[in-house]
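# Structural overview
Residues per chain are reported as follows:
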Amino acid sequence: MTDIGFIGLGNMGGALARRLLKDFTLYVWDLNRSAVEVLVDEGAIAADGPDGVGASGADFIITCLPTSAQVDEVIFSSNGLVSTISSGALIADMTTGDPMLTKNMAARLVKNGIDLIDAPVSGGVAGAEAGTIAIMIGGPAQLFEKAKSVFEAISPNIFHAGEVGAGHSMKLINNMISSCIRLATFEGLALATKVGIEPIRFAEILAKGSARGYIADTTLPTHIIPGRLEQGFGLALMHKDLMLATKLGQDMKAPLTTGNYAREVFQMALNELGEDVDISQIIKIFERAAGVDICEAQQSFQR
Ligand code: NDP
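Owing to the predicted nature of the structure, the values given are computational and were not obtained by experimental measurement. Per chain, the residues get numbers from 1 upward, laid out in the order the sequence is written. For a predicted model such as this one, the threshold for reporting local features is a pLDDT of at least 70, and the threshold for listing and counting side-chain atom pairs is 80 or more; totals across whole chains, interfaces and linings nevertheless cover every residue. As a convention, hydrogens and water are excluded, and side-chain values are obtained from all of the structure's heavy atoms.

## Section: empty space enclosed by the protein
Over the atoms rolls a probe the size of a water molecule, and in doing so it shows where empty space is left. Using a 1 Å grid laid over the protein atoms alone, points where a 1.4 Å probe fits but cannot get out form a cavity; open sets with protein on both sides within 12 Å along at least 5 of 7 lines form a pocket; any residue with an atom within 4 Å of a point counts as lining. Grid points are joined across faces, edges and corners, and a volume is the space filled by probe spheres set on the points. Tallied over the entire structure, the rule returns one cavity of 30 Å³ or more. Each pocket or cavity is described by its volume, and for the largest cavity that value is around 50 Å³. Around the largest cavity, the lining residues are Asp 98, Pro 99, Met 100, Leu 172, Leu 244, Lys 247, Leu 248 and Asp 251. Residue assignment for the lining of the largest cavity shows that the elements contributing at least two residues are helix H5 (99–109) and helix H11 (235–251). Top contributing element to the lining of the largest cavity by residue count: H11, with four residues. By the convention adopted, Pro, Cys, Tyr, Trp, Phe, Met, Ile, Leu, Val and Ala count as nonpolar, Lys, Arg, Asp and Glu as charged, and the other residues, Gly among them, as polar. Residue composition of the lining of the largest cavity, by class: five nonpolar, no polar and three charged. To qualify as a helix, a DSSP run of H or I must reach at least 4 residues; to qualify as a strand, a run of E must reach at least 2; elements of each kind are numbered from the N terminus.

See the structure below:
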């Protein structure tokens, strides 16, 4: 059976690695030692750097890092994967990355006899834990089939988006759309609360009507309305995705009026709330603008 290397064990990477642990031997590495220790306690084997993952003999190596810059670092730096990894290995990058940089890395790896595909995910940490997350793969058909046999341990929702970079393009477009929906929904929730509609009733109705979707049926009732502002996805990571999506639009000369607007709102939120907050905290911008406290309003309906 294939042994797997896994680099990047954060909120998403940790959840994905955990699912693979059930079926595969996993060699893991992350700069954050406590993230490594959590996985080792669950049966993974700690490597002592990206080169240690490469030297383990694992021929299927997954990266799930904040940006493509860190992916480049763990592959090509002096103690990177290429210093030890065997020819014939496959690297699957589950980062939400930059399609242009991904194509560039794949081309640079050809001379080492190593393949790289992009395989970003959508569905949040909850989707990864539940085994329902969508995985969108960019790469040749035969590598898609090889990767699918491993990713089936994570989720049955595995899609071939196209050639290398198409998975990352697809993911960026997905996140741009979901950000636009998030902003419109939060704005609407603030207005509905001000009008006097019970917030949870607003979410219930929205989830069954034409504006239904993940934000309405999951984000509002699970995080926003009860005030549990911790979805496990950083505001700064989504801002990164919007920067990449709108740059892709510019490069392709495809106007993104709503996507560029969303990017600017996320920039405002980053300036106001800071770099290290969860994405759900962006509701505070809309609460302040409308002069409402959604969690407090919900509680007042229950008193
Ligand atoms: P986190 O910020 O939670 O975790 C990233 C991890 O990578 C941290 O433990 C970090 O360590 C580590 N790291 C950073 N640089 C390096 C490096 N050079 N070598 C080894 N480890 C490194 O991110 P997520 O897991 O949430 O996200 C990972 C990717 O998945 C991102 O591209 C994100 O956009 C994407 N994604 C995330 C989703 C989510 O819901 N969280 C949903 C869908 C996609 P340290 O903290 O010490 O820097």
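## Points about the pairing of strand E1 (residues 4–7)
Judged by which residues are buried, E1 turns out to be covered on both faces: Ile 4 and Phe 6 on one side and Gly 5 and Ile 7 on the other are all buried. Strand pairing is assigned whenever DSSP identifies at least 2 bridges connecting the two strands. Here four bridges tie E1 to strand E2 (residues 26–29), and the two strands are oriented parallel to one another. When the bridges of E2 are listed, Phe 6 appears paired with Val 28. Whether a crossover is right-handed comes down to one check: with the strands pointing away from the viewer, does the path from the first strand over the helix to the second run clockwise; if it does, it is right-handed. In this region the chain leaves E1, passes through helix H1 (residues 11–21) and returns to the parallel neighbour E2; the handedness of that crossover is right-handed. Sheet topology note: the E1/strand E4 (residues 60–63) ladder contains four bridges and is parallel. Each bridged residue has a counterpart across the sheet, and for Ile 7 the counterpart in E4 is Thr 63. The cut-offs for exposure are 20% and 50% of the maximum accessible area for each residue type, with area from a 1.4 Å probe on protein chains only; residues under the lower value are buried, those over the upper are exposed, and the others partly exposed.

## Brief notes about the site of the ligand
If even one non-hydrogen atom of a residue comes within 4 Å of a molecule or strand, that residue is called near it. Near the ligand there are 24 residues, and of these Asn 11, Met 12, Asp 30, Leu 65 and Gly 232 occur at the shortest range. Here Pro 66 contributes a backbone N or O atom positioned 3.0 Å from an oxygen atom of the ligand. Polar contacts here mean pairs of N or O atoms no more than 3.5 Å apart (in protein, one a potential hydrogen donor and the other a potential acceptor; neighbouring residues in sequence count only if both atoms are side-chain atoms). Within the backbone of Thr 96, an N or O atom sits 3.0 Å from an oxygen atom of the ligand. In isolation the ligand exposes 910 Å². Once the protein is present, 83% of that is buried. Mapped by element, the contributors of at least two residues to the shell around the ligand are H1, helix H4 (68–76), helix H6 (124–130) and H11. Looking at the shell around the ligand residue by residue, the class counts come to 11 nonpolar, nine polar and four charged. Here the accessible surface of atoms and residues is derived via Shrake-Rupley with a 1.4 Å probe, and residues count as covered only by protein chains that are part of the display.

Spatial relationships are all this shows, so hold off on functional conclusions.
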